[in-house]
Amino acid sequence: MAAPTESTSETPTNKKLKKSKNTDDADLLTVPDDWKEPKFTKADNPKGLLEESSFATLFPKYREAYLKECWPLVQKALAELFINATLDLIEGSMTVNTTKKTFDPYSIIRARDLIKLLARSVPFEQAVRILDDDMACDIIKIGTLVRNRERFVKRRQRLIGPKGSTLKALELLTNCYVMVQGNTVSALGPFNGLKEVRKVVLDTMKNIHPIYNIKTLMIKRELANDPELRTQSWSRFLPNFRHKSLSKRKQPKKKRVKKEYTPFPPPQPESKIDKELATGEFFLRESEKRRKKMSEIKVKQAEALSKRQEERKKAFVPPKEKTAVKKSKPATSENKIDVQAIKEKVKKAKNKKLGAPPVNPDVSSAKDGKQKKNKS
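Computed from a predicted model, the values in this text were never measured in an experiment.

Cut-off values and rules
- Residues numbered from 1 in each chain as written.
- Predicted model: local features only at pLDDT ≥ 70, side-chain atom pairs only at ≥ 80, totals over all residues.
- Heavy atoms only, no water.
- Helix = DSSP H or I, 4+ residues; strand = E, 2+ residues; numbered from the N terminus.
- Buried < 20%, exposed > 50% of the residue type's maximum accessible area, 1.4 Å probe, protein only.
- Contact = heavy atoms within 4.5 Å.
- Salt bridge = Lys/Arg side-chain N within 4 Å of Asp/Glu carboxyl O.
- pLDDT = per-residue confidence, 0-100.
- Pairing = 2+ DSSP bridges.
- Axes fitted to C-alpha atoms, helices over the stretch in contact; angles between N-to-C directions.

## A few points about unusual backbone geometry
Part 1 of the reasoning: The phi dihedral of serine 121 falls on the positive side, at around 70°, and the residue is not glycine.
Part 2 of the reasoning: Residue placement: serine 121 occurs in the loop between α3 (107-119) and α4 (124-127).
Part 3 of the reasoning: Backbone geometry places asparagine 207, a non-glycine residue, at a positive phi of 70°.

Here you go:
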């Protein structure tokens, strides 16, 4: 009976231990600030690798001159990781392979990414950064995302921006090096930055302007500096860009109405004999047919003649004349004419004579009498 009592007394203590373990696990999951994983050294793998592995990649002809110049630097950088690198100019390929001294198994993957970046026109100074532990690369294929070649070129240029300003802003916000070349976009940087770069590139190819994503990245960068907002949701701070409903495309003036599809062929057109059989002309004699035709011609001639006569008569029909009488305006107080004043003016004008008025009216009358006598 003593054994079960001991087991019952131990159960609460076990629960407390489990709770303490859970709290410790939660603390362990939180990563402290500025924490870095220690480097993988030769002490971690003193015996080396069991088998050799190699990777090869092709490069275009225009990269041959550059690769010739920088290949000694590539070999020197990979020699620190005990990896051999060979450049084959005849086949146009680069090969990397491990040796017996190689201790880091992941170093060959980094070497493979290095030669891939060099083949994609990334300069050696940037491509060497892939050999660091906290660096990664992503080659985004954009050639098949847009069907129309002109649209593809425009959207790719939109990603670069005027004088490379959009690409430079993206690099500063994501801490990544981005290289747009042909049908691919090569990105090199930390994992979080590569994720953002891929999103921006794919959205740009889907006709979403990169400025919208750059704005959200700028806001996220500011929010990340605030320690209080780390555990909170940032959705209330991020902008919500609504897609504009564009106007409907212009409809054509002449619309072609498609006929309903029928599997049966169209009916055969009637021949001349079929039409004559339908009207009954086929059974008539030739003389009767001629008479019928002549009667039809006469009817048509009569109709044409009547039309001509009507057109000729139109020239003799007088047009409707407009009334020439103007409407008299109602007499107002201003428009009324003073008849008496006009009569007085006329009388005065009759009495007046041309020339200067006489000084003495008596003398003038006497002179006029003498002149009349002389005339008589």
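Read on for the rest.
## Section: helix α6 (residues 165-174)
Spacing of three or four residues puts side chains on the same side of an α-helix, whose turn is 3.6 residues.
Part 1 of the reasoning: All of the buried residues along α6 are Thr166, Leu167, Leu170, Glu171, Leu173 and Thr174.
Part 2 of the reasoning: The elements touched by buried residues of α6 are α5 (149-160), β5 (177-181), α7 (191-205) and α8 (210-224).
Part 3 of the reasoning: Taken from the residues just after α6, asparagine 175 is the one with a positive phi, measuring 60°.

## What to know about the pattern of salt bridges
Part 1 of the reasoning: In total, this model carries eight salt bridges according to the counting rule given.
Part 2 of the reasoning: For arginine 110, the salt bridge goes to aspartate 133, with nearest N and O atoms at 3.9 Å. Of this pair, arginine 110 sits in helix α3 while aspartate 133 sits in the loop between α4 and β4 (136-141), and the two are 23 residues apart along the sequence.
Part 3 of the reasoning: Residue glutamate 286 is joined to arginine 290 by a salt bridge in which the shortest nitrogen-to-oxygen separation is 3.9 Å. A residue pair is termed a helical-turn pair when its members lie 3 or 4 positions apart in one helix, as glutamate 286 and arginine 290 do in helix α10 (residues 286-314) at four residues. Side by side, glutamate 286 and arginine 290 carry an identical accessibility label, which is exposed.

## Notes on the confidence of the model for the protein chain
Part 1 of the reasoning: Overall, the predicted model of the protein chain reaches an average pLDDT of 83, with 80% of residues at or above 70.
Part 2 of the reasoning: Note that residues 1-13 has pLDDT below 50 and, in this model, zero contacts with residues that lie over four places away or in other chains.
Part 3 of the reasoning: Scored below 50 in pLDDT, residues 15-19 shows zero contacts in the model against residues more than four places distant or in partner chains.

## Let's talk about the sheet that holds strand β6 (residues 184-189)
Part 1 of the reasoning: Taking strand neighbours across the sheet as the criterion, the three strands line up as β4-β6-β5 in an open arrangement whose pairing is antiparallel. The open sheet is flanked by β4 and β5, the only strands paired with a single partner. Geometrically, the sheet is characterised by an average inter-axis angle of 15° between neighbouring strands, direction not taken into account.
Part 2 of the reasoning: Sheet strands touched by α7: β4, β5 and β6. Its angle to β4, the strand with the most contacts, is close to 10°.

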